[in-house]
Every structure is written in C-alpha cells, then in structure tokens.
Amino acid sequence: MTTTQPDPAAGAAVKAADRAHVFHSWSAQGLIDPLPIAGAEGSYMWDYDGNRYLDFTSQLVNTNIGHQHPKVVAAIQEQAGKLCTLAPGFAVDVRSEAARLIAERTPGDLDKIFFTNGGAEAVENAVRMARLHTGRSKVLSTYRSYHGATAAAINLTGDPRRWPSDTASAGVVHFWGPYLYRSPFHAESEQQECERALRHLEDTIAYEGPQSIAAIILETIPGTAGIMVPPPGYLAGVREICDRYGIVFILDEVMAGFGRTGRWFALDHFDVVPDLVTFAKGVNSGYVPLGGVAISAEIAATFDRRPYPGGLTYSGHPLACASAVATINAMAEERIVENAAEIGEKVIGPALRDIAERHPSVGEVRGMGVFWALELVKNRETHEPLVPYNASGADNAPMAKFAAACKERGLWPFLNMNRTHVVPPCTITETEAKEGLAALDEALTMADAYTV
C-alpha cells in the first residue's frame, strides 16, 4: 500500500487554508476541527502526521470499491484524454454504456436512466416525475429517513436535518415505518410490526386522501437513520397499497445500492419492483459526482410526446459515466458484491453479535452485507439510548468519547446519534474486517462505562 512520509507542516498548511476558505456542510464553522488527509487506498486513509485509519465509514457510505481502485482511476484518465464533457442532449458512448449496465441490474422494466449529479437531485427528479405522471401533489415518506438536502429532498427527510428547512408546505406527509426495536406500534414480533406498520400507512393514506397522493418514497433499508432492515412482507405490502390507490412507489437506493447489502440493489432481497429507483454513491464509488433515476416503462411513456421539464448541465457527465462503467465492471469481474455478502454473513455479522453479548452498551445489532448498525444504549431493559435524540455538546459526550477511542485505535467510525454503523468498503478483506472489529470491541468499553 502506498503511503506518504509524515509531513506535519504540509498538513498544517492544508488545514489553515481549509479554515480560511472552506465552508463545511452540516457544521457550526467555528466549532469544527477537520482532519487533513494526505491520501487513501483500499480500505485505509492516512493523515499528514503518519496516522493510518481503517475506514469503517466508506466516507459517506459511498466508496463501495474502496479508495483509488486502479481500474476506475485509469478509466477516468482515459476518458479525460478522449472527451472531458459534452452536453446532455448528445448521444455519448460512455453515457449509453453506463445506462445500459445500470438497467441490466435494475428489476422489472426499469430500463430508462435519467442521470443526475447525486442522490438528492435523483430524489428531486423522481418526485417530479411521479407528480407529473399522476397529476397529484402529495408525497409520503417516513420519519426515520434521509433523502437529501435540496428543496424537496430535505422536506422528505425525516430526521432532524430537515427541521431548519422544513417549509411545511412542500406537499410532504410523514408516517412511521417499521422499527421493531423501538416500535411505535407496540409490536412484539416482526410479523406484528409489519402488519401494524402497513395498517398505519393505510390509515395515513385514508386521512390524507388517496386521490391526492402522487408517491410513497422509502429508503429500501434506511441508512443514516439506523440501517433498519424492513420485516418480511413490508415492502411487498407497500407495493400492493400503491397499486391499489394508483400511487407511484419510489425506492431510494442511494446508500443501500450497488453491493452495499450483498446484492446489486437492496430491493433484490425483498422480491419487489418499484416504479422508480433513485441511486448515486456506490454506482461509481463517489469518484466523480453521479446519481440518477431508473424509470419504469409506464412512467417513461408519460414523456414520450410530452417534454420532461427537468435537466442538469452535467447530466450523464462523461467522466462520471466512465467511472460508473469501470466501477460496475470491476464489481462484476472481482466479485465485489459477493465479497460484501460473504464478509457480512461470515465475519461482520457473527462478530457483532458476539460483541453485543459482551458489551452492555449494545442494545441491538442489525444489518446485512457491509451495512450494519449497533444501537448503543444506557439500559438494555428499557432501551434508553446512550445519548438523547439529536444530542449535541455535553449531552453527546458518551458518543464523542467512544469515537475518540476508535480513532486512537486506528479505526475511523461512522456515528449517528446513539448508533455506530459498520459500513466499510464492499472490497474489505476478512483480515481488515477483523482488525476493525477488534478496535470497535475495545472502544465499546468506553460506552459501557455509561450504562446502568
């Protein structure tokens, strides 16, 4: 593995320039302390002081094939030498091939691909398509969800990142999705949770007026909100409800897609075909910004003679599409999707369940592939979270100390509220996974100190 020699002075210069000029997302600018990164390769990244970290975050759960995959880097370089950019209105070989490879892997007749710059824009356009196709305005989404930070996407989002931007006039209605560990329906089994969640959704539709609802959008497996694998039958039940009321069913696969769960798409686990699928992140491992919408034949036909009123200057950007083609081909050739499934089933899952038995701070383990969450609690009996909902500052101290303990052991963790997620690249090896899990195991003693 290539690493750079420690160069603290260079790191200090990078940080100084960042602090002088870069405005960071989701942050109070004067309270953050961004770590300057000198390089990354595979499952690791390193700073200018010579510290190396195993990336258990895949950055923002998007570097599915790891950092600096040589085939993808080479494809970007080759495309840059051939054709850097071209407007969306032209037919371009690499754009057509990226669309073909994606369509080959989507279910049913979702064979048309609209390219965007990322996941939020994919959600924006999927919702626009649904509204235009149905002639209706309302869209339903769950409270525990994240769909992006643009206008419609942030209103669809269910977590606290929505609050400062929630206009309460965007035609969005939230409802409770299934989450047995903290069941809003007082369910005692997955079957009860599924049945009661579907009944709640039907009640919501009834009181909102089915004739006013254009779409229901769900993350196939909610990501940042907690990696809550839906109970058997839930997604099929939502599909049936949508069919009954003429509602477009959108599955958001931005985080869960392209190998993350051990299948090409998370929906492949549930035998369900939506009307629209949004994707981004893993489609090209985030090497160049890219996202999109896979569109069913029926919805695509709506715009055969009627112009679709949406577009982006960089839709299907050649460099981004070249990286997608190389990523998808590499994933197929190197069995990267299969590796994610095997590592999850044979290494990560068993290890996390063993860790949970030994640490009183771990209330629940859930996930599949390389997509896992540990619910950290103060009390296993009451399920009281280790920190309050949306905690910050001193209230978040237990999670902050746990994170520091991970980093001291060379592990870069993914934290959200009272959870830590285990979301390494799909390419992670058994040895690397065990290294990270051992560090996680040790760091959890810090969380254990706050249990009662």
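Here, the structure is the one placed above.
Every chain begins its residue count from 1, and numbering advances along the sequence as written. Local features in a predicted model are, by the rule used here, given only for residues with pLDDT of at least 70; side-chain atom pairs are given and counted only at 80 or more, and totals for whole chains, interfaces and linings are based on all residues. As a rule here, side-chain values cover all heavy atoms of the structure and leave hydrogens and water aside.

(A) Structural context of unusual backbone geometry. Even without glycine at this site, serine 285 takes up a positive phi of about 60°. Each helix is a run of DSSP H or I of at least 4 residues and each strand a run of E of at least 2, with the numbering of both proceeding from the N terminus. Within the secondary structure, serine 285 is located in the loop between strand S9 (276–279) and strand S10 (291–295). On the basis of relative accessible area, serine 285 is assigned to the buried category, the value being 1%. We note that methionine 417 has phi near 55°; this positive angle belongs to a residue other than glycine. Think of it in three bands: residues with accessible area under 20% of the maximum for their type are buried, residues over 50% are exposed, and the middle band is partly exposed, with areas taken using a 1.4 Å probe on protein chains only.

(B) Structural view of the state of the cysteines. When two cysteine sulfur atoms lie within 2.5 Å, the pair is treated as a disulfide. Applying the stated criterion across every chain yields a total of 0 disulfides. The thiol of cysteine 84 is unpaired, and the distance to the nearest cysteine sulfur, on cysteine 321, comes to 14 Å.

(C) Fine view of the sheet that holds strand S14 (residues 411–412). Spatial ordering of the open sheet is given by S1-S2-S3-S14, a layout of 4 strands whose pairing is mixed. Of all strands in the sheet, those with a lone pairing partner are strand S1 (37–41) and S14, marking the two edges. Each pair of strands is called paired provided DSSP finds at least two bridges between the two strands.

(D) Broad picture of the packing of helix H12 (residues 397–408) against helix H13 (residues 430–448). For the pair H12 and H13, the least separation of the axes is 8 Å and the interaxial angle reads 150°. As summarised for this structure, H12 and H13 are arranged roughly antiparallel, according to the angle between their axes. Along this stretch, H12 crosses H13, giving a crossing that reads as right-handed. Between H12, through Lys401, Phe402, Ala405 and Cys406, and H13, the contact on the second element is made entirely by Leu440, Ala443, Leu444 and Met446. Per-class residue counts for the contact of H12 with H13 are 7 nonpolar, no polar and 1 charged. Between N-to-C directions, angles cover 0 to 180 degrees, with each direction set by a line fitted to C-alpha atoms, over the stretch in contact for helices. Note on terminology: angles under 35 degrees are roughly parallel, angles over 145 are roughly antiparallel, angles of 65 to 115 are roughly perpendicular, and the others are oblique. We call a crossing left-handed when the near helix sits turned anticlockwise from the far one by less than a right angle, and right-handed when that turn is clockwise. We call two residues in contact whenever any of their non-hydrogen atoms come within 4.5 Å of each other. The residue classification treats Ala, Val, Leu, Ile, Met, Phe, Trp, Tyr, Cys and Pro as nonpolar and Asp, Glu, Lys and Arg as charged. All others, Gly included, are polar.

(E) Layout of the pairing of strand S7 (residues 213–219). Here S7 lies mainly inside the structure; 7 of its 7 residues are buried. One ladder, built from 3 bridges, connects strand S5 (residues 138–142) with S7; its direction is parallel. Its bridge partner lying in S7, valine 139 is registered against alanine 215.

(F) Examining the sheet that holds S5 more closely. With mixed pairing, the 7 strands of this open sheet are ordered in space as S4-S10-S9-S8-S7-S5-S6. The sheet terminates laterally at strand S4 (112–116) and strand S6 (172–175), the two strands that pair on one side only. Here the average twist between neighbouring strands, direction ignored, is 20°. Sitting on the sheet, helix H4 (residues 93–105) is in contact with S4 and S9, with an inclination near 120° to S4. Contacts from helix H7 (residues 190–208) reach S5, S6 and S7, with the element oriented near 150° to S6.

(G) The arrangement of H4 in detail. What a helix is expected to span follows from its residue count: subtract one and scale by 1.5 Å. Helix length check: H4 (13 residues) gives 19 Å between terminal C-alpha atoms against 18 Å at 1.5 Å per residue, within 8%. For H4, the full list of buried residues reads Val94, Arg95, Ala98, Ala99, Leu101, Ile102, Ala103 and Arg105. Looking at the buried residues of H4, the elements they touch are helix H3 (70–82), S4, S9 and helix H10 (318–333).

(H) Summary view of the pattern of salt bridges. Any Lys or Arg side-chain nitrogen located within 4 Å of an Asp or Glu carboxyl oxygen qualifies as a salt bridge. Counted under the stated rule, the structure contains 24 salt bridges. Note that arginine 19 and aspartate 18 form a salt bridge whose closest N and O atoms lie 3.1 Å from each other. Among the residues examined, aspartate 18 registers a relative accessible area of 16% and is labelled buried. Across the pair glutamate 408 and arginine 409 runs a salt bridge, and its minimum N-O distance is 3.9 Å. Residue classification places arginine 409 among the partly exposed positions, given a relative accessible area of 37%. When salt bridges with common partners are traced through the structure, they connect Glu97, Arg100, Glu104 and Arg105 into a single cluster.

(I) View of the nonpolar core. Only buried residues count toward a nonpolar core, which is a set of Ala, Val, Leu, Ile, Met, Phe, Trp, Tyr and Cys residues joined through side-chain atoms within 4.5 Å. Judged by nonpolar contacts, the single largest core of 99 residues is most densely connected at Ile216, Leu352 and Leu440. The greatest single-element share of this core, amounting to 9 residues, is contributed by helix H11 (residues 336–358). The contacts of leucine 440, once residues within four sequence positions are left out, are Leu352, Leu374, Phe402, Cys406, Leu411, Thr420 and Val422. Ala126, Val127, Ala153 and Val248 belong to the second-largest nonpolar core, a separate cluster that totals 21 residues.

Just distances and angles here, no functional claims.
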